[in-house]
Amino acid sequence: MRRLLNIPFAPVFVGLFLVGATVFSGALEPVFDALSALGPPPIPADNPQSVDEDGYPLSDDPKVELGKILYFENRLSGDASVSCADCHSDQFGWSDGQDLCLAYQGTGNWRNCPTVMNAAYLDRLFWDSRSDRLENQALDAATSAVEGHGNQEMMEERLRQIPDYVARFTEVFGTEWPEKEDIWRAIAAFERTIIQPDTPFDNYMRGDELALSPDAIAGMELFTGKAACIQCHTGPLLTDQKFHNIGVPDNPLFASDPLVQITFRFQQYMRGVPEEIYRKAKTDLGVYLETLNPEDMGKFRTAPLRYLIYTPPYMHNGAFFTLEEVVDFYNQGGGSDQVEHLAGMRTRTSLLRPLGLTENEKRQLIAFLESTSGEEVKVERPVLPEYAVLETHD
Amino acid sequence: MTFRPSIFTIILACAASGPVLAQDYVVVDLENTSSIRGRVTLSGDAPAPLRLLITKDVEICGLGYRERTEVDVDERSGLRNVVVYIEEITEGKRWDSAPTGGFINQEICRFQPHIQVMRRAVDIDIINSDATLHNIHAYELLGRARRSLFNISQPEMGAVPQLMHPRSGNRVSLECDSHDFMQGWVFVADNPYSVIVDDSGNFELSQVPTGTYTVSVWHPKLGVQSREITISGPDGAETNFEFVID
Amino acid sequence: MLPLFALALNGCGENPVHDEAALIELGNYLFFDQRLSGDGSISCATCHDPNHGWADGSPLSQTYPASDGFRNSKSLINVSSRTVFYWDGAYSGSDPSEPTAEMITGKLFLNMHDYLLTERMKQVPEYVALFERALGAEPSFDGVIQSLVAFQTTLTTGDELESLESASVQRGRDLFGGKAQCSTCHSGVRMTDALAHSTGVPENPIIFQDPLRHTAYRVYLKEHEVEDYMTIGQDVGRFAVTKNELDRGAFITPDLRQVADTAPFMHNGVFSTLQEVVRFYDERGEGLGLTPTEMTDVVSFLENLSRAMPEISDMPSPAYQVSAEWLEVSN
C-alpha cells in the first residue's frame, strides 16, 4: 500500500508559550495551547479506512477512491449542476477563491467556503460549527437549498442506475445497491486524505531548525508574542475552535446583490430567529444562528490557519483578499461591534487591541503565516461513470 | 530612422502629470511603427484532455463525455489559446485594428469563442443559443483568488446586454453554473495591442511605436510570462515564449 | 422549531382575499416565472404550456433538470372543476392547493424550497405590491399557492357543449354513449367518472430504456413505499397510492372536454392521435366491432368537444431589486 506521506514515526513537539501576559495585562485568557505539529487525523470507528503505520490515511483505499469520484459527482446535486469539487476545488485551495462562495444556480451564498484541506482534524464544521463530523457536513451542504439542492432519495436512485457505482458500493460497503448513508462515509474518507501535516512549520516543530526562514521564525515569535495571535489561534491547527466576534467588516454584496439578500433572510428564517431579529439584522450573526443566544451574535469559529497561501480571500465573508489586509486589520485592533444594537450587549471580543507592528514585523508575521502551507495539493480529476439501462421484470 | 513625434503626442506628453494608468490609452497618429512577432511553444507533454461526463441536457449538449483540452498544442509544440499583449502603453494605434469581441455565445453548451480579447468597459451581448437554461458566471481572476464579475441566468434563448468591466486586472474566466463542464476565457484589454496566437502559436503585435515595452503572454492554465522588448527601428522585434511542463 | 411569526409567513392557513383580480394577476405572473423552480430553469408553464393546450405536447413530460418523466403531462384546462388530481389519483377533492404545492416543492417537479421561494418573492417589488393588494400581507408560500389556485380557476372553457355540427359528429355522439361504450367511464358533463380503471394501455418502453426516466420512476415508487421497486418493469398506476391490487395498472379516467388539444394521449402518451386511441379501444378484449366509418365518427365527435381556449398570455417576470435603503428598511 502506498504511503501518502513520509512522516517520522515519533514527531517531536516543541512548545512555545505566550510571552504576553505582560503585553495584555488586565486582559483575560489564562492558558493557551501550544503551537505544535500536525499528527494523523482522527478516524471515526464507524467509518474506518486504510492507514499507514503512523495512522495517516492511504489514498489507494477503495473507499477513498469511491469517495473521490463522489466528491466530483454533480449528479448528487438536484439538477446535476454542481459537485463538492465546484465549491471546494483543488484549483482554489479546496475552497473556491471567492469572497462569498459559489451557490446553487439561481441562488446566492452568504459566506466564504471553508477549505477542505485539513478539515478532517476539526471538531466541528462550518463557520457556525453546526455540523459535528465530515459525513454530516457533506450531507448538509449537498442537500441545502442554496448549495447542492440535492435529495438523498434521488441521489440513491441515480447511483443505482450507474453500474460502476453499484459495483464500488458493493465492494466497499457490502450492500446490494448503493445506500444513501454510505455516500457521505465515502466522501468523508476521501476528505480525510486531503491533509498536510508536513509543512515547513510542521518540520520545524519536529526539530528541523532549517525548515523555517529567519523571517518566519521571527514571525512565529510575533505570533505568540507581540501580535498575540496565539490567544485564539492555538494548537496544531492554529485555532482554539471557539467563537469570537472580531468585528470583521460586512461584505458589500449584502447590500447590493439580490441573491445574497434572499439567502441572508432565508438562513435567518430557517434557523428560527425571533421575528425582531429577522426584521432588523443586516449583518451575519454567526453562531447565534445555531444557539439563538444573543451573547453569540456576530461570533464565528476561529479559522484554522493552514494552507493559507492557497485559500484567499479570508474571513467568514471573504473580507480580505490578502494576508497583508488581514494583518493590517488585526494591527488596528480588529473591527467594531456591529451587533450590539441587536444583542443588547457588546459581544465583540476584548482580546484584540492595536498592536503597533512595524512594516518589517508585518512582513515577518506573514512569512510565518505562509509557513503553515506546504506544496499545493491537487488531485487528478476522476472520470465520472455513465448511466446504463437496468433490467426489469414484467 | 528616428521617431518624430507628432504635435499631438507632444501636447499629450505635457498634459500627462500624474501616474499613468492602464486605462489612459490614447489613440494617436503614428509614424514609424513596426511589429513584435513571435511564437509561443510548449516544452514537455501536454496533459491529456479532461473527460467530463455530460450529466444533463444530453439532447443539447451531447451524449457521453465532453473532452476538454486545457493545454492545446499543434504538432510542432505551438501553444494555442494564448493571449499576447503589451502591459502598459499609453498611446498608439486605433482600437478597430485590434480584435474587440462584442459577444459571448453559449451554443451546444460551449462558450463561443472559447477565448477572446475584449476592450475594457464595452457593452457586450451574452447570447443563449441553446433551448435550455444557461447560467453564465464570469469571474475576474485575482492571483489565487477570484471575484464574481457577473452571474446571469438565461432560461430561454436570447441575448442579454452586459458591461465587461472587471474592477482590476485583465483576466476573466467563464463558467456556467448549470453545466459545470463548460469553460471559457476573456482577456479584457486596456489597449489594442492584445492578440490571440494563431493555430500554430504565432502572434504579431502590429503598428507598435518605437519604445520599450513589457510584453506578456497569458495561458489560462499555464500562467503568465513577461519580458521587456525594445522597438527601435522598422524591423520591429522578434521574441518567442516557452512554457514548460515537467 | 420555528417561531410563531414563521407560521404567518409560510405556515398554516390561507390569507383572506382582499382583491381577487390582483390575486389572479399575481398567479398569472407566478405561473410563468421560472424562479419558482429551485435552479430557476422551469416554471409551471414549461409542462402546462398554453401553446400546447396547457399540457406540453410530448408523450412523457419533462421533469426538473437532470431527471426525466414517466407520465404524460396532464392539461390544466378546466382543472378547477376536477375532483381527482394526477393520473394516479393521489389527491382528491375540489381544492387543488395540495397538488399545486407539491408541484412546486416536489423534487421531480419544480424542486423549490418553500421558504426560499418566499424570500425570492420578497425580493421583487412588483410581487410585494401584488401580495399586499391581493391578500393584505407580505409574500408567503401559502399566498403563492392561493394565487396559483386563483389563476387556475381562469383556465376554463365553459361547461356547455356546442350544438352538434356535422352528421358524423352526431353519429359519433350516439356511438360514444352506445356501441363504443365510452360513456361507461367518460360520463357526465366533465366526461369522466373520476375513478381509476385498468384498460390495458401498452407500456411505454422508453421509460425503462432511458436511465433518467427509470430513475425518476423508481424515486416515485420508493416514496410510495412500493416493494420490489428496483425491478418493476411496468407503470403500477394507482396501486402506488392505494396498495390495492385491483388498482395495479389503473389510472384515473381523464376529462375529455378539450381532448383534441392535448395530444399525445393516455397516462404514458403512447397514442399520438385520437384514431389510435379509438382503435385501441375497438381492439381490446372482445372488441367493440366498430367499422372504420364508425371510428372516424367517434373521432369527429371527440374533436368537436374542443372549445375556445382562454386568452392568457405569458407575463414577463419582473426582476429582483435591491433597495438603496437596505440598511434602514425592515427585512
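If you're wondering where the values come from, they're calculated on a predicted model, not measured in any experiment. (Residues numbered from 1 in each chain as written. Chains lettered and ligands numbered in written order. Predicted model: local features only at pLDDT ≥ 70, side-chain atom pairs only at ≥ 80, totals over all residues. Heavy atoms only, no water.)

## Section: helix H10 (residues 258-270) of chain A
All names here are of chain A.
Part 1 of the reasoning: End to end, H10 covers 18 Å across 13 residues, agreeing with the expected 18 Å (1.5 Å per residue, within 8%).
Part 2 of the reasoning: In terms of burial, H10 is largely enclosed, as twelve of its 13 residues are buried.
Part 3 of the reasoning: Three or more residues of H10 are buried, namely Pro-258, Leu-259, Val-260, Gln-261, Ile-262, Thr-263, Phe-264, Arg-265, Phe-266, Gln-267, Gln-268 and Tyr-269.
Part 4 of the reasoning: Looking at where H10 begins, the residue whose side-chain oxygen comes 2.9 Å from the main-chain nitrogen of Leu-259 is Asp-257. (Helix = DSSP H or I, 4+ residues; strand = E, 2+ residues; numbered from the N terminus. Expected span 1.5 Å × (residues − 1). Buried < 20%, exposed > 50% of the residue type's maximum accessible area, 1.4 Å probe, protein only. Polar contact = N/O pair within 3.5 Å; in protein donor to acceptor, adjacent residues only side chain to side chain.)

## Re helix H5 (residues 114-122) of chain C
Part 1 of the reasoning: The element H5(C) is largely enclosed, with a buried count of eight among its nine residues.
Part 2 of the reasoning: Here H5(C) has its buried residues at C:Tyr115, C:Leu116, C:Leu117, C:Thr118, C:Glu119, C:Arg120, C:Met121 and C:Lys122.

## A few points about the sheet that holds strand S15 (residues 183-189) of chain B
All names here are of chain B.
Part 1 of the reasoning: The mixed open sheet is built from five strands, whose spatial order is S9-S15-S14-S11-S12. Strands at the two margins of the open sheet, each flanked by one partner only, are strand S9 (115-119) and strand S12 (145-154). Ignoring which end each strand starts from, the neighbouring axes of this sheet average 25° apart.
Part 2 of the reasoning: In this structure, strand S11 (residues 134-142) lies alongside strand S14 (residues 171-176), joined through five bridges in antiparallel fashion. Bridging from a neighbouring strand, Tyr-139 pairs with Ser-173 of S14. (Pairing = 2+ DSSP bridges. Axes fitted to C-alpha atoms, helices over the stretch in contact; angles between N-to-C directions.)

## Some thoughts on the interface of chain A and chain C
Part 1 of the reasoning: Of the residues lining the interface, 49 residues belong to chain A; the matching set on chain C comes to 49 residues.
Part 2 of the reasoning: In total, chain A and chain C occlude about 4300 Å² of area from one another, counting both sides; carbon and sulfur atoms represent 60% of this.
Part 3 of the reasoning: It is A:Tyr269, A:Arg279 and A:Lys282 that lose the most area in chain A upon contact with chain C, and together they represent 18% of the buried surface on that side.
Part 4 of the reasoning: Our enumeration of links across chain A and chain C arrives at six salt bridges.
Part 5 of the reasoning: A salt bridge links C:Lys222 to A:Glu153; its shortest N-O distance comes to 3.1 Å.
Part 6 of the reasoning: Applying the counting rule to chain A against chain C returns 28 residue pairs in polar contact (both at pLDDT 80 or more).
Part 7 of the reasoning: For the side of chain A that touches chain C, the secondary structure elements donating two or more residues are helix H4 (152-160), helix H9 (253-256), H10 and helix H11 (275-280) of chain A.
Part 8 of the reasoning: Here the side of chain A that touches chain C gets nine residues from one element, more than from any other, and that element is H10(A).
Part 9 of the reasoning: Along the lines of polarity and charge, the residues of the side of chain A that touches chain C split into 23 nonpolar, twelve polar and 14 charged. (Contact = heavy atoms within 4.5 Å. Buried area = accessible area lost by both parts, 1.4 Å probe. Salt bridge = Lys/Arg side-chain N within 4 Å of Asp/Glu carboxyl O. Nonpolar A, V, L, I, M, F, W, Y, C, P; charged D, E, K, R; others polar.)

## Remarks on the interface of chain C and chain B
Part 1 of the reasoning: Between chain C and chain B, the contact holds six residues from the first and six residues from the second.
Part 2 of the reasoning: Buried surface at the junction of chain C and chain B, both sides included, amounts to about 440 Å², of which 52% is carbon and sulfur.
Part 3 of the reasoning: The largest per-residue losses of area from chain C upon contact with chain B belong to C:Gln34, C:Ser41 and C:Ala66, which jointly make up 55% of the total buried on that side.
Part 4 of the reasoning: Inspection of the region where chain C meets chain B yields one residue pair in polar contact (both at pLDDT 80 or more).
Part 5 of the reasoning: Taken together, the residues that form the side of chain C that touches chain B break down as two nonpolar, three polar and one charged.

## Re the packing of aromatic side chains
Part 1 of the reasoning: Under the definition given, this model contains 34 aromatic pairs over all chains.
Part 2 of the reasoning: Their ring planes at 45° and their centres at 4.5 Å tell us that A:Tyr307 and A:Tyr310 sit as a pair that is tilted. This pair shows no difference in class: A:Tyr307 is buried, exactly as A:Tyr310 is.
Part 3 of the reasoning: Chaining the aromatic ring pairs together yields one cluster made of A:Tyr71, A:Phe72, A:Trp94 and A:Phe190.
Part 4 of the reasoning: Positioned above the aromatic ring of B:Phe241, the side-chain terminus of B:Arg227 is 3.9 Å from the ring centre. (Phe/Tyr/Trp six-rings, centres within 6.5 Å; stacked < 30°, edge-to-face > 60°. Lys NZ or Arg CZ within 6 Å of the ring centre and 35° of its normal.)

## Structural notes on the domain arrangement of chain C
Where interface size is given, it is often the accessible area lost as the parts come together that is meant.
Residue and element names in this part refer to chain C.
Part 1 of the reasoning: Annotation of chain C at the domain level lists domain 1 (3-152) and domain 2 (167-303).
Part 2 of the reasoning: Tallying the contact residues gives 29 residues for domain 1 and 32 residues for domain 2.
Part 3 of the reasoning: Among the residues of domain 1 in contact with domain 2, Phe-70, Trp-87 and Asp-88 are the three that bury the most area, contributing 27% of the side total.
Part 4 of the reasoning: The shortest N-O distance in the salt bridge between Asp-235 and Arg-71 comes to 2.7 Å.
Part 5 of the reasoning: Joining domain 1 to domain 2, the criterion identifies 13 residue pairs in polar contact (both at pLDDT 80 or more).
Part 6 of the reasoning: Here the side of domain 1 that touches domain 2 is composed, by residue class, of ten nonpolar, 13 polar and six charged. (Domains from an automatic or database assignment.)

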